[in-house]
Amino acid sequence: FVVIATIIMGWFVFDSASSRDWIQKHDGLIKSAQIANNELMILRDTIPVLEVTKSQLLLDVAGISEDLSRRQGQLHTVPAQGDERSATATTLQSQIAEAQARLAELRGLVPEAEQNLATLRARENSINTDLEAKRNEYNQLDGQAKAAKSEYDEIQKRIGTITSIEHDFDQIQSELESGLT
């Protein structure tokens, strides 16, 4: 709340400055934004520490609520632009809360996803084992088929030889019969 209130108060001071001053000071604003970005990176590193102090800050809520009531009274005197920024901040806080809830939900799904992954890996191993067995069986059948084809070719060769010999015998028999007659 203090950070948001400080941002809003800073905006009012900025908003009340003339456009000309703003144009002249834009370089300073850019540098300030860069510094603020660096400070943001540092603040991100301090999040774990801040979470530890969260419980202590909850004790100060009563005092902050009183300060918030006073600042809300001041907000009624600012232009509509301040109200818009406040609404944006509230929307962002709501989105952050929703994102945190979604993150917690997704973290809850991790064990189930890990279990599904383990199941899929087990099925993959089983399929790979079956595939290897089928490959071995195929290789055996392929070897048997090649052996049978080789045997078939040999028998075909023998049949060809027998047919040739039979033809030769028929021819010799014809010659013998014609020579005897």
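Residues numbered from 1 in each chain as written. Predicted model: local features only at pLDDT ≥ 70, side-chain atom pairs only at ≥ 80, totals over all residues. Heavy atoms only, no water.

### With respect to the overall build of the chain
Scanning the chain from terminus to terminus reveals six helices and zero strands. Counting from the amino terminus, helix and strand elements in the chain follow one another as α-α-α-α-α-α. Taken across its 181 residues, the chain has 3% of its residues classed as buried. Working note: accessible area of the chain is about 15700 Å², and carbon and sulfur atoms make up 60% of it. (Helix = DSSP H or I, 4+ residues; strand = E, 2+ residues; numbered from the N terminus. Buried < 20%, exposed > 50% of the residue type's maximum accessible area, 1.4 Å probe, protein only. Areas by Shrake-Rupley, 256 points an atom, 1.4 Å probe, with all protein chains shown as cover.)

### A closer look at the pattern of salt bridges
Using the criterion set out here, one finds five salt bridges in the structure. Two residues, Arg-135 and Glu-132, come together in a salt bridge whose shortest N-O distance is 3.9 Å. Taken together, the positions of Arg-135 and Glu-132, both in helix H6 (residues 80-180) and three residues apart, correspond to about one turn of that helix. Residue Glu-132 is classed as partly exposed on the basis of its relative accessible area of 40%. The closest approach of N and O atoms between Arg-158 and Glu-154, which form a salt bridge, is 3.7 Å. Of this pair, Arg-158 and Glu-154 are both found in helix H6, four residues apart, which corresponds to roughly one turn of the helix. (Salt bridge = Lys/Arg side-chain N within 4 Å of Asp/Glu carboxyl O.)

### A closer look at a nonpolar patch on the surface
A cluster of nonpolar side chains, contributed by Ile-165, Phe-169, Ile-172, Leu-176 and Leu-180, occupies part of the molecular surface with about 550 Å² of accessible area. Among the secondary structure elements, Ile-165 is positioned in helix H6. (Patch = residues over 30% accessible without salt bridge, like charges linked within 9 Å, V, L, I, M, F, W, Y side chains within 5 Å.)

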